[in-house]
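The primary structure of each chain is shown beneath.
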Amino acid sequence: TSGNHNEPQRATAFTCALALPFAWAGGIELVALCASALFLQMYLTMDICCMLLAALKSPGWRPRWPLNMRPWQSGLAAFLCISVMLILNVTIFPWILITSGVLAATISWLSGSTEMGSGDAIAGLQYSIALQALHSLREDSTLCSSNGADLAPLSWRPQLLCLLPSSSEHGPSGPVVEFLKDEAQTLLLFAHHLKEGQGLTIAATVIPTPSSVSSALDTHQAGKYVFVAKEQLVKFAECAELPCFLDATISSHFEASVEALIDCVGVGALRPNTVLLGWRVHRHDGALNDVRLERFASELVLTVHRALLLDKAVLLLCMPHDITSDQVFAMPSEDEHGTIDVWWVAHDGALPLMIAHLLQRHEALSGCGMRVFMYWGADEAAADETTKEGVEARTRRFLRLLRIEAVYIEVVAGDPLLDAGVPLMNERLNHLMVERSTASTRLAITNLTGPLPTHVSSPAIYMKQLRQVCVGMPPVLLVNGGSAHYAHL
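This structure is a prediction, so every number in the text was calculated from the model and none was measured.

A.B. asks: Would you mind going over the overall build of the protein in detail, with residue names and values included?
C.D. replies: A tally of regular secondary structure across the protein gives 19 helices and 12 strands. Sequence separation of at least 24 residues holds for 79% of the intrachain contacts in the protein that already meet a minimum separation of 6. Summing over all exposed atoms, the protein offers an accessible surface of approximately 26200 Å²; the carbon and sulfur share of this is 60%.

Quick look at the structure:
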């Protein structure tokens, strides 16, 4: 609408511009033929919509007809419309259909798919197709479990659940839900590069009950906080260009809520098998003195612990505090090539190699070569008398079986004195990683140590171990394939 009285002036002008050429043609037969064809095309569209609604048994399909509308009746009417069109003129029929399709596509594109594609017929058809496809996807325990990358390395794919930390308070204008904006955008941007816009991705958060609210929230109040959180998640997903599903819940019991979210989100075969988390690494422990960051650290340790117990793989993206996501995931120039370093320490699965391979498929990281550093501990060297050259040959053969290409492979020998203690092992690994990383290293991937039950009650100890591994490094992705035993770094 336009004008002072909200009249359809633009629509009227468009109709005049469309009708005048036919009026100027001078022949009443041509005008009558085009008008008849357009009316028949309109009836044809209505008959097809009625046939779909009747066949899909849409709950909103309640026609005012004395008898029940059958799909074959609408189909017969559509067939008669096509027959009359062909009888009138054979050549004009396809042009009418093409013009109608172009107009519908143009309206849908200009309106952002809000004018077209939201009707009951199209929505019912999409729902029916999606439901049949979901039923045909049988739930495969191999692909849904955390060790699927080991059991089926060629067909396994990560189905992500991105958990974002949040805080809430009751402001003067209503519920307020706050996220760590940089961390949230970085995590969803990483998910976009890993999934390349394909597959299942769910972005979710557990909102803590505001401390200013003394009593338990009722359903209406809780719904307001969830609505505000989902609005912000939509903005983060749009900024990262990540097509994903969104979920949020509010509770004063974080452990029970995050466990239910990890275990119950999804349906059928579309269930997450991988939990993606993020953490900003500072150069000193004093950063955790912030009350909110301390709570986030505690929730992070608890989430990793519960995800591993529920047989989910865990990806923890540790970003240095002085590096932004644009520096890591920006599109490189033609003469710029980086590397993705894979430090394969705990040889309990091929998940670190699979994640690096999937990241290379994105155009921003497609020019990065993969460097594989095989950490050969002293205990493994004592149990296996194979030389370093033999271990390197076995690693190359294993990569060929996985169809993964590496530009550089090195076997790094461990130290028997340092392998005995976890803190010394972390410092030793960090020293080796810093020593071999270069200015072109875009990302480092290594194994993640699963937290012990004592770490859940003392999260600062576990976070200190993570910082020992990642300090002084570019972004580090810590990977745990959900092994039953705790294979420390």
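Read on, since the account is not over.
A.B. asks: How would you summarise the packing of helix 2 (residues 28-56) against helix 3 (residues 71-88) if you had to cite specific residues and measurements?
C.D. replies: Two elements in contact, helix 2 and helix 3, have axes whose closest approach is 8 Å; the angle formed by their N-to-C orientations is 160°. Viewed along their axes, helix 2 and helix 3 adopt a mutual orientation that is roughly antiparallel. Where helix 2 crosses over helix 3, the handedness of that crossing is left-handed. When its residues are assigned to classes, the contact of helix 2 with helix 3 shows 18 nonpolar, 4 polar and 1 charged.

A.B. asks: Before we move on, can you summarise the pairing of strand 9 (residues 369-376) with the specific residues and values?
C.D. replies: Within strand 9, 8 of the 8 residues are buried, which leaves the element mostly enclosed by the surrounding structure. The alternating pattern of strand 9 places Gly369, Arg371, Phe373 and Tyr375 on one face and Met370, Val372, Met374 and Trp376 on the opposite face, and all of these are buried. Pairing of strand 9 with strand 10 (residues 408-413), which is carried by 6 bridges, proceeds in the parallel orientation. Counted as the bridge partner of Trp376 is Ala413 from strand 10.

A.B. asks: Hey, could you go over unusual backbone geometry for me, with residue numbers and the actual values?
C.D. replies: At Glu241, a position not held by glycine, the phi torsion is positive, near 55°. The residue Glu241 is located in the loop between helix 9 (219-239) and strand 5 (245-251) in this model. A positive phi angle, close to 65°, is found at Asp311, a residue other than glycine. In this structure, Asp311 sits in the loop between helix 11 (291-309) and strand 7 (313-320).

A.B. asks: Hey, could you go over the packing of aromatic side chains for me, with residue numbers and the actual values?
C.D. replies: Inspection of the entire model under this criterion finds 4 aromatic pairs. Pairing Phe179 with Phe236 gives two aromatic rings, centres 5.7 Å apart and planes at 85°, and the pair type is edge-to-face. Residue Phe179 is located in strand 3 (residues 174-179), and its partner Phe236 is located in helix 9; the two are separated by 57 residues in the primary sequence. Ring pairing ties together the aromatic residues Trp343, Phe373 and Tyr408, which thus form one cluster.

A.B. asks: Account for the nonpolar core, with residues named and values stated.
C.D. replies: Core analysis: the biggest nonpolar cluster contains 60 residues, and Phe190, Leu353, Leu359, Ile445 and Leu477 have the highest contact counts within it. Leave out the neighbours within four places in its chain, and Ile445 touches Ile340, Asp341, Val342, Trp343, Pro352, Ile355, Ala356, Leu359, Leu477 and Val479. Membership of the second largest hydrophobic core comes to 46 residues, among which are Leu200, Val412, Tyr462 and Cys470.

A.B. asks: Account for the side chain of Asn480, naming residues and giving values.
C.D. replies: Secondary-structure assignment places Asn480 in strand 12 (residues 476-480). Here Leu448 takes part through its backbone oxygen, which lies 2.9 Å from a polar atom of the side chain of Asn480. When near neighbours in sequence (up to four residues on either side) are disregarded, Asn480 contacts Leu308, Ala313, Val314, Leu351, Leu448, Thr449 and Gly450.

Thresholds applied
Residues numbered from 1 in each chain as written. Predicted model: local features only at pLDDT ≥ 70, side-chain atom pairs only at ≥ 80, totals over all residues. Heavy atoms only, no water. Helix = DSSP H or I, 4+ residues; strand = E, 2+ residues; numbered from the N terminus. Contact = heavy atoms within 4.5 Å. Areas by Shrake-Rupley, 256 points an atom, 1.4 Å probe, with all protein chains shown as cover. Axes fitted to C-alpha atoms, helices over the stretch in contact; angles between N-to-C directions. Parallel < 35°, antiparallel > 145°, perpendicular 65-115°, else oblique. Left-handed = near helix turned anticlockwise from the far one by under 90°. Nonpolar A, V, L, I, M, F, W, Y, C, P; charged D, E, K, R; others polar. Buried < 20%, exposed > 50% of the residue type's maximum accessible area, 1.4 Å probe, protein only. Pairing = 2+ DSSP bridges. Phe/Tyr/Trp six-rings, centres within 6.5 Å; stacked < 30°, edge-to-face > 60°. Core = buried A, V, L, I, M, F, W, Y, C linked by side-chain atoms within 4.5 Å. Polar contact = N/O pair within 3.5 Å; in protein donor to acceptor, adjacent residues only side chain to side chain.

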